[in-house]
Amino acid sequence: MTEVVGVRFKEVGKVYYFAPNDKKYSIGDYVIVETARGTECGVVASANEMVEDESVVSPLKPILRMASEADKKRLAENKEKEKKAFTICEEKIAKHGIDMHLTSVEYSFDRSKILFYFTADGRVDFRELVKDLASVFKTRIELRQIGVRDEAKMIGGLGICGRPFCCHSYMGEFQPVSIKMAKEQGLSLNPTKISGTCGRLMCCLKYEQNSYEHLAKITPRSGALVDTKEGRGIVVESNLISGVIKVRLDRNPDAAPAVFDRKQVKILREAKTSITKEEREALKAIEEN
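Chains are numbered independently. Their residues run from 1 in the order of the written sequence. Predicted model: local features are reported for residues with pLDDT of at least 70 only, side-chain atom pairs are reported and counted for 80 or more only, and whole-chain, interface and lining totals are derived from all residues. With hydrogens and water set aside, each side-chain value is computed from the structure's full complement of heavy atoms.

Asks: Kindly report on the pairing of strand β10 (residues 231–238), identifying the contributing residues and their values.
Replies: At least two DSSP bridges between two strands are required for those strands to pair. Only runs of H or I of at least four residues qualify as helices and only runs of E of at least two qualify as strands under DSSP, and these elements are numbered from the N terminus. Two elements, strand β9 (residues 225–228) and β10, share four bridges in a ladder whose sense is antiparallel. Paired with Thr-228 across the strands is Gly-231, a residue of β10. From the end of β9 to the start of β10, which pair antiparallel, there are two residues. The sheet contact formed by β10 and strand β11 (residues 244–249) spans five bridges and is antiparallel. Its bridge partner lying in β11, Ile-234 is registered against Arg-248. Counted along the chain from β10 to the antiparallel partner β11, the turn is five residues long, and its residue Gly-243 has a positive phi close to 85°.

If you want it as structure tokens, here you go:
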């Protein structure tokens, strides 16, 4: 086991582990740490705790010290500088006629580097833009192309549920989602119904997936062969949530399907959830691989 402190550098960003060096930290403390990007100021997201060694990326970098008032002031000043840099960069992009959309600007804590995040349909040549920006800011410039999910996380907005984007409000990291999840949850495979504002599959498909996977194991799906108190039959309709299933009995296939609770039937041959080639192709653009 290793003692760690979780530090976050963005309001809803990923939490990174650092060594506390025998000091105690509380959630909300501002600390100065050494990262691969240099010295950074972050906020403690999880206080001192013991975690499995496998959860730690070695070597574990230490927390250098608590942030001073001067450090916090610099952090606030960097935020103001980022706003000005954003405006300047947009003007330079328009000047060079580059087909790209600026999403966010980030100053390193020591101001030795400025990162410009952008989205674009394909690869873009921004070499002249970098030279132009370097001549203005007199520091190292880095342009980083990001995906539409990252753009939504940075900018924020309201989802179709009417609430702020999950990725922008509390999700530290994206969870993998797939079309199969939507299929297993009985959702319409209409792209407008299962995709978020970013144009990719909605992150909330992941939230109830474990429950649906459990229910799928104990509930026969449409097409399954089952044994009931009235004889064998094929499931023609199944409701995972209520557990109510309709079975077309072999002894009377022309009659209306008999209704049972999932506890009243025994599965003899399960039906598998599958995505047709046509469905896969139609929804390929919104699935996060």
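Asks: Go over the environment of Glu-230 with me, naming the residues and quoting the values.
Replies: Looking at the secondary structure, you find Glu-230 in the loop between β9 and β10. Look at Glu-230 and you get partly exposed, because its relative accessible area is 35%. The spatial distance from the C-alpha of Glu-230 to the C-alpha of Ala-258 is 8.8 Å, given a sequence separation of 28 residues. Every residue pair with non-hydrogen atoms within 4.5 Å of one another is taken to be in contact. Glu-230 has contacts with Leu-249, Arg-251, Ala-258 and Phe-260, leaving out every residue within four places of it along the chain. Residue burial is assigned from relative accessible area. The probe radius is 1.4 Å, only protein chains are included, and a residue is buried under 20% of its type maximum, exposed over 50%, and partly exposed in between.

Asks: Outline the side chain of Thr-139, supporting the account with residue identities and numerical values.
Replies: Here Thr-139 lies in the loop between α2 (127–137) and β8 (140–145). A residue is classified by how much of its surface remains accessible, and Thr-139, at 18% relative accessible area, is buried. A 3.5 Å cut-off defines polar contacts: any pair of N or O atoms within that distance qualifies, except that in protein one atom must be a possible hydrogen donor and the other a possible acceptor, and neighbouring residues in sequence count only when both atoms are side-chain atoms. Polar contacts involving the side chain of Thr-139 include one to the main-chain carbonyl oxygen of Arg-111, which spans 3.3 Å. Only 2.9 Å separates the side chain of Thr-139 from the backbone oxygen of Ser-112, close enough to count as a polar contact. Leave out the neighbours within four places in its chain, and Thr-139 touches Arg-111, Ser-112, Lys-113, Ile-114 and Ala-134.

Asks: Would you mind going over the sheet that holds strand β7 (residues 113–119) in detail, with residue names and values included?
Replies: The strands making up a sheet associate through backbone hydrogen bonding, with each pair oriented either parallel or antiparallel. What the three strands build is an open sheet, ordered β6-β7-β8; its pairing is mixed. Either end of the sheet is taken by a strand with one partner, and the two such strands are β6 (101–107) and β8. Along the sheet, successive strands turn relative to each other by an average axial angle of 20°, direction set aside. In the sheet, β6 pairs with β7 via six bridges, with the strands oriented antiparallel. Pairing of Leu-102 across the sheet is with Phe-118, part of β7. Interaxial angle, 0 to 180 degrees, is taken between N-to-C directions of lines fitted to C-alpha atoms, where a helix line uses only the stretch in contact. Relative to the sheet, helix α3 (residues 148–155) contacts β6 and β7, its axis offset from that of β6 by approximately 60°.

Asks: Now, about the packing of aromatic side chains: what can you tell me, with residues and values included?
Replies: Under the pairing criterion, centres of Phe, Tyr and Trp rings, with the six-membered ring standing for Trp, must be within 6.5 Å; the plane angle then separates stacked pairs below 30 degrees from edge-to-face pairs above 60, leaving the rest tilted. Counted by the stated rule, this structure contains four aromatic pairs. With 5.9 Å between their ring centres and 45° between their planes, Phe-9 and Tyr-16 make a pair best called tilted. For Phe-9, a relative accessible area of 28% corresponds to the partly exposed category. Ring centres of Phe-118 and Phe-126 lie 5.7 Å apart, and the angle between their planes is 75°; on these two criteria the pair is classed as edge-to-face. Cluster of aromatic residues (ring-pair linked, three or more members): Phe-9, Tyr-16 and Phe-18. Just above the ring of Phe-109 sits the side chain of Arg-74; from NZ or CZ to the centre is 5.9 Å. Over a ring means this: the NZ of a Lys or the CZ of an Arg is within 6 Å of the ring centre and within 35 degrees of the ring normal.

Asks: Lay out the nonpolar core with the relevant residues and their values.
Replies: Throughout this description, the term nonpolar core refers to a set of buried Ala, Val, Leu, Ile, Met, Phe, Trp, Tyr and Cys residues connected via side-chain atoms within 4.5 Å. Counting 16 residues, the largest nonpolar core has Phe-116, Leu-133, Phe-137 and Leu-143 as its most contacted members. Secondary structure elements with two or more residues in this core: α1 (69–96), β6, β7, α2 and β8.

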